[in-house]
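Secondary and tertiary structure notes
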Amino acid sequence: MGDATISPAPEDHQPMLYTAYRAAVEIQYTPENALKEGVSMVDTIKNSLKTLKLGSKLRQDVWSREIERRAFFVTYPDGIK
């Protein structure tokens, strides 16, 4: 689509907020850890998108809503009861 561009990299590069594993044996397979890592990944994506120029305000709003929607379902996979 060619209309999104990346802003110049800031001097204070933000680190990933989630754990990047080198091997599957390093992963702790617990529901709590999976949810924590998933939310951290969404936060990292949100921070990264702040450096992108996505074009119009409408397109930025669409991306933001989609991220919030996905973050909700990662946090509450069965919805709120």
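Residues numbered from 1 in each chain as written. Predicted model: local features only at pLDDT ≥ 70, side-chain atom pairs only at ≥ 80, totals over all residues. Heavy atoms only, no water.

Take the overall build of the protein next. Check the secondary structure of the protein and you find 2 helices and 2 strands. Scanning the protein from its N terminus toward the C terminus, one meets helices and strands in the order β-α-β-α. In the protein, the proportion of contacts linking residues at least 24 apart, taken out of those at least 6 apart, comes to 60%. A total accessible area of about 6,900 Å² is found for the protein, and carbon and sulfur atoms account for 61% of it. (Helix = DSSP H or I, 4+ residues; strand = E, 2+ residues; numbered from the N terminus. Contact = heavy atoms within 4.5 Å. Areas by Shrake-Rupley, 256 points an atom, 1.4 Å probe, with all protein chains shown as cover.)

Applying the stated rule across the entire model yields 3 salt bridges. Between Glu37 and Lys36 there is a salt bridge, and its shortest N-O distance comes to 3.4 Å. Judged by relative accessible area, Glu37 falls into the buried class, the value being 8%. Given the relative accessible area of 48%, Lys36 is considered partly exposed. Its salt-bridge partner being Glu66, residue Arg69 comes within 2.8 Å of it at the nearest N-O pair. With Arg69 and Glu66 both in helix H2 (residues 57-75) and 3 residues apart, the pair spans about one turn of that helix. For Arg69, a relative accessible area of 41% translates into the label partly exposed. Residue classification places Glu66 among the partly exposed residues on the basis of a relative accessible area of 29%. (Salt bridge = Lys/Arg side-chain N within 4 Å of Asp/Glu carboxyl O. Buried < 20%, exposed > 50% of the residue type's maximum accessible area, 1.4 Å probe, protein only.)

The predicted model of the protein averages 75 in pLDDT, with 70% of residues at 70 or higher. For the protein, strand S1 (residues 5-6) is the element with the lowest average pLDDT, namely 55, and helix H1 (residues 31-49) is the one with the highest, namely 83. (pLDDT = per-residue confidence, 0-100.)

Turning to the side chain of Asn33, a few remarks are in order. Position of Asn33 among the secondary structure elements: in helix H1. Given a relative accessible area of 13%, Asn33 falls into the buried group. Among the polar contacts listed, one links the side chain of Asn33 to the backbone oxygen of Gln28, at a separation of 3.1 Å. With sequence-adjacent residues up to four places away left out, Asn33 is seen in contact with Tyr21 and Gln28. (Polar contact = N/O pair within 3.5 Å; in protein donor to acceptor, adjacent residues only side chain to side chain.)

A separate point is H1. Counted at 1.5 Å a residue, the expected span for H1 with its 19 residues is 27 Å, and the 27 Å between its end C-alpha atoms agrees. By the burial criterion, the buried members of H1 are Asn33, Glu37, Gly38, Ser40, Val42, Thr44 and Leu49. (Expected span 1.5 Å × (residues − 1).)

This part covers the side chain of Ser40. Tracing the chain through its elements places Ser40 in helix H1. By relative accessible area, Ser40 is classed as buried at 15%. The contact partners of Ser40, leaving out residues within four places of it in the chain, are Leu17 and Tyr18.

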